[in-house]
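# Architecture and fold: a report
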Amino acid sequence: MDRSWMQNMRWSEEYREGVERFLDFAFENASEDGRILCPCLRCANIDWKMCEIATEHLICIGFLPSYKNWHYHGEFVPSNRLPSRDSPTFPRTQDDIEGLL
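None of the values given here were measured: they were computed from a predicted structure. (Residues numbered from 1 in each chain as written. Predicted model: local features only at pLDDT ≥ 70, side-chain atom pairs only at ≥ 80, totals over all residues. Heavy atoms only, no water.)

On to the overall build of the protein, then. Broken down by element type, the protein carries three helices and two strands. What you see in the protein, going N to C, is helices and strands ordered as α-β-β-α-α. Within the protein, the proportion of its 101 residues that are buried is 34%. Across the protein, contacts joining residues at least 24 apart in sequence account for 42% of those joining residues at least 6 apart. (Helix = DSSP H or I, 4+ residues; strand = E, 2+ residues; numbered from the N terminus. Buried < 20%, exposed > 50% of the residue type's maximum accessible area, 1.4 Å probe, protein only. Contact = heavy atoms within 4.5 Å.)

Attention shifts here to the environment of Tyr-72. Turning to its location among the elements, Tyr-72 is positioned in the loop between α2 (51-60) and α3 (97-100). The spatial distance from the C-alpha of Tyr-72 to the C-alpha of Asn-45 is 7.5 Å, given a sequence separation of 27 residues. Those residues within four positions of Tyr-72 in sequence are excluded, and the remaining contacts are Ala-30, Leu-37, Asn-45 and Tyr-67.

Oppositely charged side chains can pair when the atoms bearing their charge come close. The full count for this structure, using the stated rule, is one salt bridge. The closest approach of N and O atoms between Arg-3 and Glu-75, which form a salt bridge, is 2.6 Å. With Arg-3 in the segment before α1 (13-30) and Glu-75 in the loop between α2 and α3, this pair connects stretches of sequence that are 72 residues apart. (Salt bridge = Lys/Arg side-chain N within 4 Å of Asp/Glu carboxyl O.)

Let's shift gears to the nonpolar core. Of all hydrophobic cores here, the largest spans 20 residues; its most connected members are Trp-5, Val-19, Phe-22, Leu-23, Leu-58 and Phe-63. Counting only elements with at least two residues in this core, the list comes to α1 and α2. Sorting elements by how many residues they give to this core places α1 first, with six residues. Beyond its immediate stretch of four places on either side in the chain, Val-19 contacts Trp-5, Leu-58, Ile-59 and Phe-63. (Core = buried A, V, L, I, M, F, W, Y, C linked by side-chain atoms within 4.5 Å.)

This is the structure in structure tokens:
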């Protein structure tokens, strides 16, 4: 899918049409209970939103700049392109599970 529209100004007709196509794709392929993970800068693919709210967020706030492959919205990603636990880009966290017990 062409993503050149994502570089346009958010108030442009091309951007709005691109958002509409993205949302059609996302709701067709990755919605749950009429909601998708919102890829706007504020929600960061963490919060589930209905179409109207996701539309508003993507037009008013914009997409996460790094969200180029729409894997949270039904786009296939070959497994060799996803970060692995050994990858330096995979987020590492240190927890103190023993301390919590």
